[in-house]
Amino acid sequence: QAEEEAKAEAEAQEEVIEEQEAEEALEVKEEVQEEIQEPIQDLQPNDFDKPLHNPSDELKEFMKDKDPNDFNKGRVREFIRDFKDNQDDNDNNVDDDLPPPNTGGDGTDPFTLTPAAPIRLFESAKDGTVVGKFTAHNTNGGTVAYSFVGSGTTTSSDGNFELINVGNGVEVRLTTAGQSAVGANAIGHAFPSLVINATSTDGQVAVQTLVPQILDAAVHLGANGGLDYHKQFVGNASLPPHKIGDFDGDGDRDFAHIDGSGRVFIENTPGGAPIAASAGTGYKEVTYLGDINNDGYADVIAGDPTTLKGTINIIEGNISSPLETQSTGTNAGDAYGKSVTGLGDFDGDGTSDYAVGAPGFDAGGADKGRVYIEKSGGGNVTVTGHANGQLLGEHVEGLGDINGDGKSDLLIGADGLVGGNHEAYVIYGGLNTNLNTGGLGASGFKISTPQEILGGGAVGDINGDGINDLAISLKDGNDVNTYIIYGMDGVMSDLSLADLEDPDKALKIHHKNGYVSGKDYDVFGLGDLNGDGFDDMRLGTQDTGNHYIVHGEKGGVAPYVTDGATNDGDPDTDEVRATATGQSLLEGLVFDDGGHTGVRINGDGRNNEINISNNSFKAIDGNGGHDKININADIDFSAINFEQIQQVEHLQLTQSSGQNVTLTAENLFNLLKSSDNGKLFIGKDVGVTGETLYINATSASGGSTTNVVDALNEHVTGAAHVGSANISGETYDHYQIGGYSLYIDTDVNTQVV
């Protein structure tokens, strides 16, 4: 009995202690809530990507990995004790060194240092990566000195970060040691707080805090981390309208879609009144072909694989009399036309080409499949599967230039397995002989994976390095992983799944529960939607209506040069200037090759100016706006291919005297096709004398407007000189080529040779 009484008394005491602990926990919880200044349940992971600026934010940072449910379990005291101990340590190490805040005692607005938009530190970050930006305000015209509290210098105490003055502020950048530290730590690792001290020339002081944290380089749709994205409802049409370019010459891009009968309709707006339609029906696939005949109007191609041999139909733009041209496959059952795509200029002859898939083609075996590459200038070639049941040609898509040779490249998909793996193939532009996928050699590379390939294609330049990228979507259980494979100069090696998972080679976009049985998974390039110099993309499962827009951002191993960076040859203005061969210039208003070769220049949505001194650049893309190339030397553009200059609307001769610039008629058409508005201006600076603009032609020669027309008509029918035009105080000879307009300054000495 005594034992039972003792046990009961012990249990009663334990209940009292538990009640006391619960009361203490409640008090501490209230203390935490008061300290955080917002409900605990509002703490979200994306709050912790932002620079920290006050104790409440520091407590959020400390608590981010803690389970809010723990506040009901009496363990909160441990968290608070640890946090306070951590604060005491910070007090001992940092607070004594902090300068007093400014007061603005002279009556002026106080000097301040404010953070820019949060910048994230990805697992693949390299030396020089910007992990934080701060802007100084009310400096009274003086310079600002920056240092890290603790080290007292522009390098952090651990050597992982450095401060670089940029314009009216400072950037926090990763050092070589920091790159190694990022590689040695796991995703989620947070570096010690960086406290930045800023002192103005009149002695005012401002302080800011930054906590760099390593984030997953992948994009996880519906979760935090990775690039910016947002969800978009795009409707439930099984064959949504395709944007095709300007079909009718009204200056706006038009749309094509297939109705329930398989008839192709062209519309000014999706779902609007048709402006043209195909004569035939039964088409299953339609896509933009480009301008195949150089007449200034967009053309489309449609395919119907269900006829005996398969059929394609090319519908040439020009609203007054659209022209249709049909062709059929080689053999019964080839399913010619199952996939169709425009290629751009595949062979570099200045005209648009296209490709057609015939997955049912038999070549010494059953359903190996074949893709026909049709060149407008002749010399057609084929790519044939090498394994029975491969079904090569189920999917084809033009990629633009992904290997830096200026020619358009091609992605080919196959439905069948090869050696137990799913495979897709990239064929480089310029192919001039028939090819078998069993041995691509230097003509391309294959992507081989045990996971099913759902689709893929062109997405533009997602990482802004001046060379196009491509997408491949793979089924991973109920999820879909889309890999944006970064383009690169030269011949790329074959890629395995392990290669796709390498953040230096590809950006991974993980779509949880994105797979829907029986539905296609769509990936579309959108161009630069937000004018930041990076192309954007849309992806999602067809018919579900819900798609994601993913915005581009720097990635891979490109040698970037951005405005104010340490490798910017003109860090004090908004000009980005190359300092070495092969650099990728972006995020500027004005660009300059700095006399270097192999440079890539990527504009944004503004009216960019691009200064070049040689014809050995890799690529120039204006990326929206009215973009101008200032030509600062004698330059011959004859060898420049279609993909090397995109979305540029103006060429300007700027050398003071005796400048010679040479263009071919093909160059002119390439520039007109790729401009944002189908217009090209050629002019010269005030004071430039003795210049000559040479236009190379086959038979035309002379210096009259008639000679220019003759040169243009070697590539098209109907070019005409329609008079002069006064634009912004300059007088231009105006040449009309269908839907294109070419303007050449009347003061420029123009010679056709």
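Asks: Account for the overall build of the protein chain, naming residues and giving values.
Replies: The number of helices and strands found in the protein chain is seven helices and 53 strands. Here the protein chain holds 753 residues, and the buried ones make up 51% of them. Pairs at least 24 apart in sequence give 51% of the contacts found in the protein chain among residues at least 6 apart. With the model as given, the accessible surface of the protein chain reaches about 31,100 Å², and the carbon-plus-sulfur share is 45%.

Asks: Give me the nonpolar core: which residues, what numbers.
Replies: Taken as a class, soluble globular proteins show a tendency for nonpolar side chains to be buried jointly. Counting 45 residues, the largest nonpolar core has Ile-629, Phe-637, Ile-682, Leu-712, Ile-737 and Leu-742 as its most contacted members. For Phe-637, the contacting residues outside a window of four places in its chain are Ile-612, Phe-617, Ile-631, Ile-645, Val-661, Thr-662, Leu-663 and Asn-667. Counting residues in each nonpolar core, the second largest holds 24 residues, with Phe-148, Phe-161, Leu-174 and Ile-196 among its members.

Asks: I'd like a rundown of the pattern of salt bridges, residues and numbers included.
Replies: Within this structure, the stated rule accounts for 13 salt bridges. With a closest N to O distance of 2.8 Å, Asp-504 and Lys-126 form a salt bridge. Taken as a pair, Asp-504 in the loop between helix H5 (497-500) and strand E32 (506-511) and Lys-126 in the loop between strand E2 (121-122) and strand E3 (130-137) lie far apart in primary sequence, 378 residues in all. Classification of Lys-126 by relative accessible area gives partly exposed; the value is 25%. With a shortest N-O distance of 3.2 Å, Glu-691 and Lys-684 are connected by a salt bridge. For the pair Glu-691 and Lys-684, a shared accessibility class is recorded, and that class is buried. One salt-bridge network, in which partners are shared between bridges, spans Lys-133, Glu-171 and Arg-173.

Asks: Account for unusual backbone geometry, naming residues and giving values.
Replies: The residue Asn-294 is not glycine, and still its phi comes out positive at about 60°. For Asn-294, the position within the fold is in the loop between strand E16 (285-290) and strand E17 (299-304). The phi dihedral of Gln-647 falls on the positive side, at around 55°, and the residue is not glycine. For Gln-647, a relative accessible area of 23% translates into the label partly exposed.

Asks: Could you give me a rundown of the sheet that holds strand E29 (residues 453-460), with the residues and numbers involved?
Replies: Judged by pairing direction, the sheet is mixed, and its five strands sit side by side in the order E10-E32-E31-E30-E29 without closing on themselves. The two strands at the open ends of the sheet, each matched to only one other strand, are strand E10 (219-221) and E29. For this sheet, the mean inter-axis angle between neighbouring strands, taken without regard to orientation, is 20°. Two strands pair when backbone bridges link them, and strand E31 (residues 479-485) and E32 are joined in this way by six bridges, in the antiparallel orientation. Residue Ile-484 lies in a different strand from E32, and its bridge partner there is Leu-507.

Asks: For the sheet that holds E17, give the residues involved together with the corresponding values.
Replies: The four strands are arranged E16-E17-E18-E19 in an open sheet whose pairing can be described as antiparallel. In this open sheet, the two edge strands, each paired with only one partner strand, are E16 and strand E19 (323-328). The sheet shows a mean angle of 20° between the axes of neighbouring strands, direction not considered. Relative to E19, strand E18 (residues 311-316) runs antiparallel, the two being bridged by six bridges. Bridge pairing in E19 links Ile-315 to Glu-324.

Asks: Could you give an account of the packing of aromatic side chains, naming the residues involved and the relevant values?
Replies: Overall, the coordinates contain six aromatic pairs when judged by the stated rule. Ring geometry for Tyr-428 against Phe-445: centres 6.2 Å apart, planes inclined by 50°, an arrangement best described as tilted. On the criterion of sequence distance, the pair formed by Tyr-428 in the loop between strand E26 (421-427) and strand E27 (435-436) and Phe-445 in strand E28 (residues 444-449) is long-range, its members being 17 residues apart. Residue classification places Tyr-428 among the buried residues on the basis of a relative accessible area of 5%. Each ring, one from Phe-681 and one from Tyr-732, has its centre 5.5 Å from the other, and the planes form 80°; the classification is edge-to-face. Here Phe-681 is found in strand E48 (residues 679-684), whereas its partner Tyr-732 is found in strand E51 (residues 730-737), with 51 residues between them in sequence. For Phe-681, a relative accessible area of 10% gives the class buried.

Asks: Go over the side chain of Thr-541 with me, naming the residues and quoting the values.
Replies: With respect to the element layout, Thr-541 can be found in strand E34 (residues 536-541). Using a relative accessible area of 4% as the deciding quantity, one classes Thr-541 as buried. A polar atom in the side chain of Thr-541 sits 2.4 Å from the backbone oxygen of Gly-514.

Asks: Please provide a residue-by-residue account of helix H7 (residues 705-712), values included.
Replies: Looking at H7, one finds that the buried residues are Asn-707, Val-708, Val-709, Ala-711 and Leu-712. Buried residues along H7 sit in contact with helix H6 (665-674), strand E49 (692-696), strand E50 (720-727), E51, strand E52 (740-745) and strand E53 (750-752).

Asks: Before we move on, could you go through helix H4 (residues 176-184) and cite the residues and values that matter?
Replies: Every buried residue belonging to H4 is among Gly-178, Ala-181 and Val-182, and all of these are buried. With its buried residues spanning 100° around the axis, H4 presents them on a single face. Opposite its buried face, H4 presents the exposed residues Thr-176, Gly-183 and Ala-184, each directed more than 90 degrees away. Elements that come into contact with the buried residues of H4 comprise E2, strand E6 (169-174) and strand E9 (214-215).

Asks: Which residues make up the environment of Phe-591, and what values go with them?
Replies: Relative to the helices and strands, Phe-591 resides in strand E39 (residues 590-592). Residue Phe-591 is classed as buried on the basis of its relative accessible area, which comes to 0%. Residues Phe-591 and Asp-574, 17 residues apart in the sequence, show an inter-C-alpha distance of 8.7 Å.

Asks: Before we move on, can you summarise the environment of Ser-448 with the specific residues and values?
Replies: Its location among the elements puts Ser-448 in strand E28. For the pair formed by Ser-448 and Leu-497, sequence separation is 49 residues and the distance between their alpha carbons is 7.1 Å. When residues no more than four places from it in sequence are discounted, the contact partners of Ser-448 are Asn-421, His-422, Glu-423, Leu-495, Ser-496 and Leu-497.

Asks: Let's hear about the confidence of the model for the protein chain: which residues, and what values?
Replies: Detailed conclusions should not be drawn from predicted coordinates in areas where pLDDT is low. With 82% of its residues at a pLDDT of 70 or more, the protein chain has an overall mean of 84. Across residues 66-107, where pLDDT falls below 50, the model places 50 contacts with residues more than four positions away in sequence or in other chains. Within the model, the stretch residues 233-239 combines pLDDT values under 50 with 17 contacts to residues more than four positions away or in other chains.

Asks: Could you give an account of the pairing of E28, with specific residues and numbers?
Replies: In terms of residue burial, E28 counts as a mostly covered element, since five of its six residues are buried. Sheet topology note: the E26/E28 ladder contains six bridges and is antiparallel. The residue of E28 that forms the bridge with Ile-427 is Gly-444.

Asks: Just give me the short version of the side chain of Glu-649, but keep the residues and values in it.
Replies: Residue position: Glu-649 is located in the loop between strand E45 (645-646) and strand E46 (650-653). There is no salt bridge for the buried Glu-649, and the closest opposite charge comes from Arg-253, which lies 8.8 Å off by N-O distance. At 2.9 Å, the side chain of Glu-649 forms a polar contact with the backbone nitrogen of Asp-676. Look past the residues within four positions of Glu-649 in its chain and what remains in contact with it is Gly-625, His-626, Asp-627, Ser-675, Asp-676, Asn-677, Lys-679, Leu-680 and Phe-681.

Conventions used here
- Residues numbered from 1 in each chain as written.
- Predicted model: local features only at pLDDT ≥ 70, side-chain atom pairs only at ≥ 80, totals over all residues.
- Heavy atoms only, no water.
- Helix = DSSP H or I, 4+ residues; strand = E, 2+ residues; numbered from the N terminus.
- Buried < 20%, exposed > 50% of the residue type's maximum accessible area, 1.4 Å probe, protein only.
- Contact = heavy atoms within 4.5 Å.
- Areas by Shrake-Rupley, 256 points an atom, 1.4 Å probe, with all protein chains shown as cover.
- Core = buried A, V, L, I, M, F, W, Y, C linked by side-chain atoms within 4.5 Å.
- Salt bridge = Lys/Arg side-chain N within 4 Å of Asp/Glu carboxyl O.
- Pairing = 2+ DSSP bridges.
- Axes fitted to C-alpha atoms, helices over the stretch in contact; angles between N-to-C directions.
- Phe/Tyr/Trp six-rings, centres within 6.5 Å; stacked < 30°, edge-to-face > 60°.
- Polar contact = N/O pair within 3.5 Å; in protein donor to acceptor, adjacent residues only side chain to side chain.
- Arc of directions from axis to C-beta.
- pLDDT = per-residue confidence, 0-100.
- Lys, Arg positive; Asp, Glu negative; His and termini not counted.

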